[in-house]
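Residues per chain are reported as follows:
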2 protein chains.
Amino acid sequence: MAKPESKKSGVVLGAGRSAAVEEQVNNGSLDLSPSGGAHDPATAAPTTKPKSGKQGSRENVSRRSTECEVFDDGTNTFFWRAHTVTVLFILTCALVYVTLLEETPHDTAYNTKRGIVASILVFLCFGVTQAKDGPFTRPHPAYWRFWMCVTVVYELFLIFILFQTVHDGRQFMKYIDPKLGVALPERDYGGNCLIYDPGNTTDPYHNIWDKLDGFVPAHFLGWYIKTLMIRDWWMCMIISVMFEFLEYSLEHQLPNFSECWWDHWIMDVLVCNGLGIYCGMKTLGWLSMKPYQWQGLWNIPTYKGKIKRIAFQFTPYSWVKFEWKPASNLRRWLAVCGIIFMFLLAELNTFYLKFVLWMPPEHYLVLMRLIFFVNVGGVAMREIYDFMDDPKFHKKLGQQAWLVAAITVTEFLIVVKYDPNTIMLPIPFFVTQCWILGIILILTWTLWRFFIRDITLRYKETRRRKQEGTGDWDRTLGNGSGTAATGRSKLNGTESVRHRKS
Amino acid sequence: MAKPESKKSGVVLGAGRSAAVEEQVNNGSLDLSPSGGAHDPATAAPTTKPKSGKQGSRENVSRRSTECEVFDDGTNTFFWRAHTVTVLFILTCALVYVTLLEETPHDTAYNTKRGIVASILVFLCFGVTQAKDGPFTRPHPAYWRFWMCVTVVYELFLIFILFQTVHDGRQFMKYIDPKLGVALPERDYGGNCLIYDPGNTTDPYHNIWDKLDGFVPAHFLGWYIKTLMIRDWWMCMIISVMFEFLEYSLEHQLPNFSECWWDHWIMDVLVCNGLGIYCGMKTLGWLSMKPYQWQGLWNIPTYKGKIKRIAFQFTPYSWVKFEWKPASNLRRWLAVCGIIFMFLLAELNTFYLKFVLWMPPEHYLVLMRLIFFVNVGGVAMREIYDFMDDPKFHKKLGQQAWLVAAITVTEFLIVVKYDPNTIMLPIPFFVTQCWILGIILILTWTLWRFFIRDITLRYKETRRRKQEGTGDWDRTLGNGSGTAATGRSKLNGTESVRHRKS
């Protein structure tokens, strides 16, 4: 159900911040009281009213409830600039040096590799200075532009792999690491699931200690970060539980999905994921409460304040609380289902992709892919939220979200193309039954919530009106004005209230 | 010298239009008089005051003199949207079809080629919907995003070529067209330069008719477009004449630079280029005078009006008159010299690149490169102008300008790397002398104009003041306040006048 919207006043800034930041160059002559830190809400008085940038007043109205207040003195120093001309000059110098002063070796394979790496580096140079900014600006917009470009390169790499034959694709990995392109040895999974193993006299709990490996902190950290991405307790828990169900359902395909029941539910869902989500939610609470006051480093008088300011550079510029409200209307419901589906698909891809491309689980490319998704997923999720939350304004699905969706699909297509046999292994009858039951339940709920319930409510409303005999057709109930308009009318309702207040 | 700035009132819009256009969705309820056409300045009354978008008021102040007035009723239809989700869906379907339903042939070379082409196509799909918008929006922002992506692909291709050995690079062209990668036959140029050839009795003017080939309209069209790019008569003429000098100077390296004297000066500079520049200037005059009134197609009542509106979709959204003002300060002077230098380098690259890569002059790749530059050069020039005109605001050199500069440099590096012998052929003594003389003249003028003259003027001013005995130090002469500040103080002067007026 839709949560009640909290009402906040003050200056609100959000998406498109980088553009707005860059606009505030000449705003910076503000009389900030010299108390130093960037934390005391009393010091940065409402005299600092930065321009709200491109988004303007509409943004203020439509995002007020989920966005934090931001105060920015608009300092725009050397640090913030994109240095387009400098980068171009350095790039030119590097090209002159490498191509004219170094001798080109007569090794076609080496040169081809070098040419491709050079192309990628030039693309990154271009992208880091010139690519479109996303929603995040901390610690520096260039950081997010860099990951944006990496996303493009990764997607193009996947597309290339997708168009090769299975054999060529696997052998192609040899160009990246000569140790790759070799079939993985079959591994033995499962085994003894006794928590207390009486057969082992020296340490009867050895099964538990065996499972307490590096994956425990990895799971914890992973879910901590995922919580920061999704910013919703319910969605995190659903994805966490669903993934264990998927592991159960797919252990006939990938043997390393088979775990003991207590490994699935106690160690994964409760301990690792649960703790990660809990800590993530605590951090989210802090992030949504913490004051967002950005002073230029040179405007801060004390050293302590300066150091604090530098540390806070690595926290977000502003904060948007995600209120997914999946039940508020059909569109949002489908979108949230789609997000959960894509999220789970991306998680499964991690395992299937390394399986079909013959990547050992401990290979650095696997780790790099995860680091990549950590950096990219948050931006994508925020862009999807923006797209869902205000489709009129954010008419475009954000670039990072677009690419992450394309990457997830491409990875899945690679899996299907490279190992159709594994994917097509018949699912056990019991598992099929469970899934069909689950899907039927979801469909029934969808049907009831967005079609039958609305019709019933509307019918009741009509009857009530007839009985009352009033002709006041304009004031319908929040949920009574049809399926698609439900959420919108709610929003309009709260908005008009807010307008009257201000 | 700085031209006097004309003062215009009214709503001014310019760079960053696309963003502003997309913002105007909900602006569209304007009461436009139903006279149909988009030409009558009286019809679209000043009731239509669109948001000036991201640029805001600063833009209005700083660009007022060179920008036209724009009226836009803010209609934002299906046509204008980026269709991010639609494109993503179609892309996914295409990938599913090609990779899962078609069988992959067992030909590694073919698959590699296909993989690269597919990667480029996916990149274009991404870029056309998601790349950063440039300054132009007509006929559609996606058109300019497309060329932006093509620029990236071309630059990466050049980088790749640059890192190959000379032999491999030339043979690599075979992958694009199997007919390439073959040494060009030596050609015989020059010859008989008599305008009236008494030796040929049937047609003594045959030398002239011989020169009247396809290059005449090509030169004309080329210079027409270049004039629209540069938007300044003087700069066009300088570049046109300079190029003929370059042809003279370099005919010992590339034999096809050697032409008869009347071919150089009469047919090229006067007839083809001159006529092209003349027509270009006429078009520029029309473009800077024509009213920029954009009504949504459905808001126009008459058929004639609709057809006119569709035709006008292919004219610019707004118009910025370029006032390069090279003599106003040292920074602008160096920038204009740099632009002319890069422009000439890009022109020379056309000839040298096809020479070193063994491309026959009539090959379609040569033509495609020219079409590419026509589409990309205009954007780049506008971005450079914006960067020069208001460096505070446009702190970033535009993406297209950045890439075109990188491409020009990379092309030149390819030429140097692939054929150092031709480039290093000793320049004839007479030519060297001329160039040294020219460079000395330019340096002297620079020194006089931006250093000596300023010091003299300041000295005279100081003496005058002393004689007058007034302490009014604030009101200095326009050119008297130092080298770098000259233009700025002028601008500030006119701005303050304008402020006082409004």
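Residues numbered from 1 in each chain as written. Chains lettered and ligands numbered in written order. Predicted model: local features only at pLDDT ≥ 70, side-chain atom pairs only at ≥ 80, totals over all residues. Heavy atoms only, no water.

With an unreviewed UniProt entry as reference, chain A is termed Phosphatidylserine synthase, source organism Aldrovandia affinis. Per UniProt, the comment on chain A under Function (unreviewed entry) is "Catalyzes a base-exchange reaction in which the polar head group of phosphatidylethanolamine (PE) is replaced by L-serine." Per UniProt, the comment on chain A under Subcellular location (unreviewed entry) is "Endoplasmic reticulum membrane". (UniProt positions renumbered as here; feature names shortened; annotations may be inferred.)

Engineer: So what about the pattern of salt bridges? Which residues, and what values?
Structural biologist: Taken as a whole, this structure holds 18 salt bridges over all chains when the rule is applied. In this structure, the salt-bridge partner of arginine 114 of chain A is glutamate 102 of chain A, at a minimum N-O distance of 2.9 Å. With arginine 114 of chain A in helix α4 (residues 108–130) and glutamate 102 of chain A in the loop between α3 (84–101) and α4, this pair connects stretches of sequence that are twelve residues apart. By relative accessible area, which is 31% here, glutamate 102 of chain A ends up partly exposed. For arginine 465 of chain B, the salt bridge goes to glutamate 461 of chain B, with nearest N and O atoms at 2.7 Å. On the criterion of helical spacing, the pair formed by arginine 465 of chain B and glutamate 461 of chain B is a turn pair, its members being four residues apart in helix α16 (residues 429–468). As far as the burial class goes, arginine 465 of chain B and glutamate 461 of chain B line up, both buried. Among the charged side chains, a network of salt bridges with common partners joins Glu461, Arg464, Arg465 and Glu468 of chain A. (Salt bridge = Lys/Arg side-chain N within 4 Å of Asp/Glu carboxyl O. Helix = DSSP H or I, 4+ residues; strand = E, 2+ residues; numbered from the N terminus. Buried < 20%, exposed > 50% of the residue type's maximum accessible area, 1.4 Å probe, protein only.)

Engineer: Tell me about the relation of the copies chain A and chain B, and name the residues and values.
Structural biologist: A rotation about some axis, followed by a shift along it, carries one copy of the chain onto the other. Under the fitted operation, chain A is carried onto chain B by 0.0 Å of movement along the axis and a turn of 180 degrees, and the coordinates agree to an RMSD of 0.1 Å. Taken together, the rotation angle and the small translation identify this as a two-fold axis. Residue by residue, 100% of the interface of chain A is reproduced at the interface of chain B, so both copies engage with the same surface. (Least-squares fit on C-alpha atoms with pLDDT ≥ 70 in both. Contact = heavy atoms within 4.5 Å.)

Engineer: Hey, could you go over the confidence of the model for chain A for me, with residue numbers and the actual values?
Structural biologist: Residues and elements named next belong to chain A. In this model, chain A carries an average pLDDT of 77, and 77% of its residues clear a pLDDT of 70 or more. Confidence drops under a pLDDT of 50 for residues 1–64, and excluding neighbours within four residues, the segment shows 134 contacts in the predicted structure. Within the model, pLDDT remains below 50 along residues 476–502, and this stretch shows 37 contacts once partners closer than five positions in the same chain are excluded. Scored by ipTM, the complex comes to 0.79, with pTM at 0.79. (pLDDT = per-residue confidence, 0-100.)

Engineer: Could you give an account of a nonpolar patch on the surface, naming the residues involved and the relevant values?
Structural biologist: Among the surface-exposed residues, Ile195, Tyr196, Tyr205, Trp209, Leu212, Trp261, Ile266, Leu270 and Val271 of chain A lie close enough to one another that they form a single nonpolar patch of about 920 Å² accessible area. Mapped onto the fold, leucine 212 of chain A is located in the loop between α7 (206–211) and α8 (215–230). (Patch = residues over 30% accessible without salt bridge, like charges linked within 9 Å, V, L, I, M, F, W, Y side chains within 5 Å. Areas by Shrake-Rupley, 256 points an atom, 1.4 Å probe, with all protein chains shown as cover.)

Engineer: Account for the packing of helix α5 (residues 141–162) of chain B against helix α14 (residues 399–418) of chain B, with residues named and values stated.
Structural biologist: Residue and element names in this part refer to chain B. Contact geometry of α5 with α14 gives a least axis separation of 9 Å together with a crossing angle of 25 degrees. The orientation of α5 with respect to α14, classified from their angle, is roughly parallel. In this structure, α5 meets α14 at a crossing whose hand is left-handed. Taking contact as the criterion, the partners of Trp147, Met148, Thr151, Val152, Tyr154, Glu155, Leu158, Ile159, Ile161 and Leu162 in α5 are, on α14, Gln399, Gln400, Leu403, Ala406, Ile407, Thr410, Glu411, Leu413, Ile414, Lys417 and Tyr418. Each residue belonging to the contact of α5 with α14 can be placed in one class, and the counts come to 14 nonpolar, four polar and three charged. (Axes fitted to C-alpha atoms, helices over the stretch in contact; angles between N-to-C directions. Parallel < 35°, antiparallel > 145°, perpendicular 65-115°, else oblique. Left-handed = near helix turned anticlockwise from the far one by under 90°. Nonpolar A, V, L, I, M, F, W, Y, C, P; charged D, E, K, R; others polar.)

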